[in-house]
Amino acid sequence: QVQLVESGGGLVQHGGSLRLSCAASGSRFSRSTIGWYRQAPGKQRELVADITSSGNTENADFVKGRFTISRDNAKNTVYLQMNSLKPEDTGVYYCNLQYYTSIYWGQGTQVTVSS
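Residues numbered from 1 in each chain as written. Predicted model: local features only at pLDDT ≥ 70, side-chain atom pairs only at ≥ 80, totals over all residues. Heavy atoms only, no water.

**What to know about the environment of A49**
- You can see A49 is positioned in strand β5 (residues 46–51).
- A49 gets classed as buried once you look at its relative accessible area, which sits at 0%.
- Taking the C-alpha atoms as reference, A49 lies 20 Å from V2; in sequence the two are 47 residues apart.
- Once residues within four sequence positions are removed from consideration, A49 is found in contact with I34, G35, W36, E58, N59, I69 and L80. (Helix = DSSP H or I, 4+ residues; strand = E, 2+ residues; numbered from the N terminus. Buried < 20%, exposed > 50% of the residue type's maximum accessible area, 1.4 Å probe, protein only. Contact = heavy atoms within 4.5 Å.)

**Details of the side chain of D89**
- The topology assignment puts D89 in the loop between β8 (77–82) and β9 (91–99).
- At 2.8 Å, the side chain of D89 and the backbone nitrogen of K86 are in polar contact.
- If we skip the residues at most four places from it in the chain, D89 touches R38, R66, F67, S84, V111 and V113. (Polar contact = N/O pair within 3.5 Å; in protein donor to acceptor, adjacent residues only side chain to side chain.)

**Some points on the pairing of strand β11 (residues 109–114)**
- Of the two faces of β11, the one holding T109, V111 and V113 is buried and the one holding Q110, T112 and S114 is not buried anywhere.
- Across 3 bridges, β9 lies against β11 in antiparallel orientation. Bridging across to β11, Y93 finds its partner in T109. (Pairing = 2+ DSSP bridges.)

**Side note on the pairing of β5**
- Inspection of the sheet shows strand β4 (residues 33–39) paired to β5 by 5 bridges, in the antiparallel sense. Of the residues in β5, the one forming a bridge with I34 is I51.
- Here β4 folds back onto β5 in antiparallel fashion, the turn holding 6 residues, of which G42 has a positive phi close to 80 degrees.
- Two strands pair when backbone bridges link them, and β5 and strand β6 (residues 57–59) are joined in this way by 3 bridges, in the antiparallel orientation. Pairing of D50 across the sheet is with E58, part of β6.
- Hairpin connection of β5 to β6: 5 residues between the antiparallel strands, including G55 at a positive phi of 95 degrees.

**Things to note about the state of the cysteines**
- The final tally for this structure, using the stated rule, is 1 disulfide.
- The disulfide partner of C22 is C95, and the gap between their sulfur atoms is 1.9 Å. Judged by the sign of its S-S torsion, about -80 degrees, the bond between C22 and C95 is left-handed. Residue C22 is located in strand β3 (residues 18–24), and its partner C95 is located in strand β9; the two are separated by 73 residues in the primary sequence.
- A relative accessible area of 0% means that C22 is categorised as buried. (Disulfide = S-S within 2.5 Å.)

**Observations regarding the packing of aromatic side chains**
- Within this structure, the stated rule accounts for 3 aromatic pairs.
- Between the aromatic rings of Y37 and W105, the centroid separation amounts to 5.0 Å while the plane-to-plane angle is 65 degrees, which identifies the pairing as edge-to-face. In this pair, Y37 is assigned in strand β4 and W105 in strand β10 (residues 102–105), connecting sequence segments 68 residues apart.
- Ring geometry for Y94 and W105: centres 6.4 Å apart, planes at 85 degrees, overall edge-to-face. Here Y94, found in strand β9, pairs with W105, found in strand β10; they are 11 residues apart in sequence, far enough to count as distant.
- Taken together, the aromatic side chains of Y37, Y94 and W105 make up a single cluster linked through ring pairs.
- Above the ring of Y94, the side-chain terminus of R45 is found at 3.7 Å from the ring centroid.
- Of note, R45 hangs over the ring of W105, and the distance from its end group to the ring centre comes to 4.6 Å. (Phe/Tyr/Trp six-rings, centres within 6.5 Å; stacked < 30°, edge-to-face > 60°. Lys NZ or Arg CZ within 6 Å of the ring centre and 35° of its normal.)

What follows is the structure, given as structure tokens:
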């Protein structure tokens, strides 16, 4: 079984930065694709960025140049460095692990950007 625990969320001003962490249990981490998703109030959950087991990354258009996803397989952890935050980045950020057909979600961490 895989457990994902997100941390690093909080309240930040417009233009500020946060670094989110997603720590995973289990032995599948290094062979998995890890993604960060977010869900704003009243909106659907959407992909922010993901990183494959080989380190290839994909970023949503709305975060390019501002957010960076990275992983440390020795620590079973994925990071999302978020810079130049905007009020529209407010939402709950979830970590997602995909291992073949198995998908796991964390409980989420709240990010609030004040204007």
